[in-house]
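Results of the structural survey
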Amino acid sequence: MTTMSGNDGPSVDDIGERGWFTPAPREAAPAPGTAAPHGGRPEDGAQPDAAGRTDAVAHSDTELIRATMAELEQTPDAAVAYFYALLFVQYPHLRELFPASMDTQRDRLFRALLNAVRLYDDGPRLTAFLAELGRGHRKYGTQAAHYPAIGECLMATLAQYAPQSWGPRTEAAWVRAYTAISQIMIDAAAEDSLHAPAWWQAEVVAHERRTPDIAVITVRTDQPYPFRAGQYTAVETPWWPRVWRNYSFASAPRPDGLLTFHVRAVPAGWVSTALVQRARPGDVLRLGPPTGSMTVDHDAGSGLLCLGGGTGIAPIKALVEDVARHGTHRPVEVFYGARRGEDLYDLDTLLGLARSHDWLAVRPVVAAGSATGDALTGRLPDAVRAHGPWSAWDGYLSGPPGMIKSGVRTLVGLGIPTHRIRHDSLEELVATGA
Ligand SMILES: NC(=O)C1=CN([C@@H]2O[C@H](COP(=O)(O)OP(=O)(O)OC[C@H]3O[C@@H](n4cnc5c(N)ncnc54)[C@H](O)[C@@H]3O)[C@@H](O)[C@H]2O)C=CC1
């Protein structure tokens, strides 16, 4: 398959002799978008970086790649459907790496690409994102040898769906970018395989229905599972092979090594419905590696203002337990929101923690008209605004994406700078919340 024709000017023969998507030697894979130390243009005699690029090449690569993505964004669904159709026709053995239904998978690929392009000029953040992606792909069974096939089908898709911006220079830019991107992912996966399994088996040891829709599920992993309070992981059930959904850990690491998740069955949520309605003790799930950065910095002394909406209270409870285990107890205020009083399924646990720890306050908040007992009424952000002042506190938010967005706006409005506000990626929550 060839894509070497187009509208972006004369061909430049700077892909090198490695050929398409052949990973460079380990040390020759700088982050895409990382400026070469020497600067200058190739014809000025500037030294290229290890991937054969100079500053000028790297910068024009960014522009060319962004132009392709802008064009692709006009028909993302068709482009991603074309990509997978091509991939499965050309490389049928790769089909078994993907779930039977590809609906969510399609979004994930495009979001990952968009995110990589968005971070393209930010070497450290891009490398961190790609390394996490590479490690996370181990659980799917992805091998280094799969990357060239993906790259070839990606280029063909870009040529087909971004014809205005496609051409030899753009293609060369994408080849450089994809080669560097895949190298980072491959290296991160290889490094991770030295000390962690690709996935963990997790046997359900307790399954408690707290409401008709919500279950608290406790599992025992087959190998030690190191993680930090506030993180989350991907879960696969035996009933929907290769469909993974993210759930936050509902407890800090425990001496007995057990892990707990809070799951609400949502309409059309295959995994969540199976976990709530079908899973029983003895069933075996698979877990991916821990991920997420909504963790507590124990060196800081500021108070923690925590907003947990619905099952989003799970990682907040883990954070409270984490603070309780660290000597210096800073003030922690938890606002726990639900649509109705009966949806505050974990309130007793949190109130129990508050009785044991004088640095902890827990305030239930239910939607107006549904108040029961001592609960505040209204939306979580409004309840937070009515208390305070909060400008010296750190903000932690977990719950529906709409709550996180309005909560962040509220906290910023109340004087908490964005770098002191933590929550999980909204893209991940929107795409895989079920
Ligand atoms: N790490 C995280 O951020 C986690 C997020 N979740 C997500 O939390 C959600 C939980 O769903 P449910 O239990 O059904 O919660 P829910 O829909 O019942 O909402 C819980 C609370 O959020 C408030 N809320 C909802 N939308 C809002 C908006 N646009 N602005 C302000 N407040 C809003 C509600 O008033 C209520 O107090 C799921 O989307 C799940 O994916 C769950 C666990 C962890």
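Remember, predicted model here, so these are calculated numbers, not experimental data. (Residues numbered from 1 in each chain as written. Predicted model: local features only at pLDDT ≥ 70, side-chain atom pairs only at ≥ 80, totals over all residues. Heavy atoms only, no water.)

Observations concerning the overall build of the protein chain
Looking only at helices and strands, the protein chain features 12 helices and 12 strands. A separation of at least 24 residues holds for 72% of the contacts in the protein chain among residues at least 6 apart in sequence. Carbon and sulfur atoms form 53% of the exposed surface of the protein chain, whose accessible area is close to 19500 Å². (Helix = DSSP H or I, 4+ residues; strand = E, 2+ residues; numbered from the N terminus. Contact = heavy atoms within 4.5 Å. Areas by Shrake-Rupley, 256 points an atom, 1.4 Å probe, with all protein chains shown as cover.)

Digging into the UniProt feature "domain: FAD-binding FR-type" (unreviewed entry) in the protein chain
The positions that UniProt labels "domain: FAD-binding FR-type" (unreviewed entry) are, in the present scheme, residues 197-297. Secondary structure content for residues 197-297 is 8% helix and 38% strand, while the C-alpha to C-alpha distance between its ends is 27 Å. (UniProt positions renumbered as here; feature names shortened; annotations may be inferred.)

What to know about the sheet that holds strand β10 (residues 376-377)
Strands sit in the order β10-β9-β8-β7-β11-β12 across an open sheet of six strands; the sheet is parallel. Unpaired on one side and paired on the other, β10 and β12 (421-422) mark the two borders of the sheet. Pairing geometry for strand β9 (residues 360-366) and β10, over two bridges, is parallel. In the sheet register, Val365 faces β10, and the bridge partner there is Leu376. Set on the sheet, helix α9 (residues 347-356) makes contact with β8 (332-338) and β9; between it and β9 the angle comes to about 155°. (Pairing = 2+ DSSP bridges. Axes fitted to C-alpha atoms, helices over the stretch in contact; angles between N-to-C directions.)

Notes on the sheet that holds strand β6 (residues 284-287)
Strand order in the open sheet formed by six strands is β4-β3-β6-β1-β2-β5, and the pairing between neighbours is antiparallel. The open sheet is flanked by β4 (244-248) and β5 (259-264), the only strands paired with a single partner. For this sheet, the mean angle separating the axes of adjacent strands, direction not counted, is 40°. As paired elements, strand β1 (residues 200-209) and strand β2 (residues 214-221) share seven bridges and run antiparallel to each other. Looking at the pairing, Arg209 lines up with Ala215 of β2.

As for the environment of Gly399
Within the fold, Gly399 resides in the loop between β11 (394-398) and α11 (401-413). Judged by its relative accessible area of 15%, Gly399 is buried. Placed 62 residues apart in sequence, Gly399 and Gly337 show a C-alpha to C-alpha distance of 9.0 Å. (Buried < 20%, exposed > 50% of the residue type's maximum accessible area, 1.4 Å probe, protein only.)

Here we look at the site of the ligand
The environment of the ligand is formed by 22 residues, the closest being Arg264, Arg339, Gly399, Ser406 and Asp424. Measuring from an oxygen atom of the ligand, one finds a backbone N or O atom of Gly399 at 3.3 Å. A total of four residues in the shell around the ligand trace back to one element, the largest contributor, which is α11. Here the residues of the shell around the ligand are counted per class, giving seven nonpolar, 11 polar and four charged. (Near = heavy atom within 4 Å. Polar contact = N/O pair within 3.5 Å; in protein donor to acceptor, adjacent residues only side chain to side chain. Nonpolar A, V, L, I, M, F, W, Y, C, P; charged D, E, K, R; others polar.)

Concerning the nonpolar core
Counting 40 residues, the largest nonpolar core has Tyr84, Leu87, Leu154 and Trp174 as the members making the most contacts within it. Of all the secondary-structure elements, those providing two or more residues to this core are α1 (55-72), α2 (76-90), α3 (103-118), α4 (123-136), α5 (147-161) and α6 (168-193). In terms of nonpolar packing, the next biggest core, distinct from the first, is built from 26 residues, Val332, Val334, Tyr336 and Val362 among them. (Core = buried A, V, L, I, M, F, W, Y, C linked by side-chain atoms within 4.5 Å.)

Comments concerning the domain arrangement of the protein chain
According to the domain assignment, the protein chain consists of domain 1 (26-193), domain 2 (200-287) and domain 3 (304-432). With centres defined by C-alpha atoms, the gap from domain 2 to domain 3 works out at 22 Å. Counting residues at the interface gives 19 residues for domain 2 and 19 residues for domain 3. At the boundary of domain 2 with domain 3, total buried surface from both sides reaches about 1600 Å², with 50% on carbon and sulfur atoms. Together, Arg210, His262 and Arg264 form the three largest contributors to the area buried by domain 2 at its contact with domain 3, with a combined 29%. Connecting domain 2 to domain 3 are one salt bridge. Between Asp346 and Arg210 there is a salt bridge, with the nearest N and O atoms lying 2.8 Å from each other. There are seven residue pairs in polar contact (both at pLDDT 80 or more) connecting domain 2 and domain 3. (Domains from an automatic or database assignment. Buried area = accessible area lost by both parts, 1.4 Å probe. Salt bridge = Lys/Arg side-chain N within 4 Å of Asp/Glu carboxyl O.)

Thoughts on the pairing of β8
Burial analysis of β8 places seven of its seven residues in the buried class, which makes it a mostly covered element. Burial along β8 is two-sided: Val332, Val334, Tyr336 and Ala338 facing one way and Glu333, Phe335 and Gly337 facing the other are all buried. The sheet contact formed by strand β7 (residues 304-309) and β8 spans six bridges and is parallel. Looking across to β8, one finds that Gly308 is bridged to Tyr336. Tracing the backbone out of β7, into helix α8 (residues 313-325) and back to the parallel element β8 gives a crossover that is right-handed. Pairing of β8 with β9, which is carried by seven bridges, proceeds in the parallel orientation. Counterpart to Tyr336 in the pairing with β9 is Pro364. (Right-handed = clockwise from strand over helix to strand, strands pointing away.)

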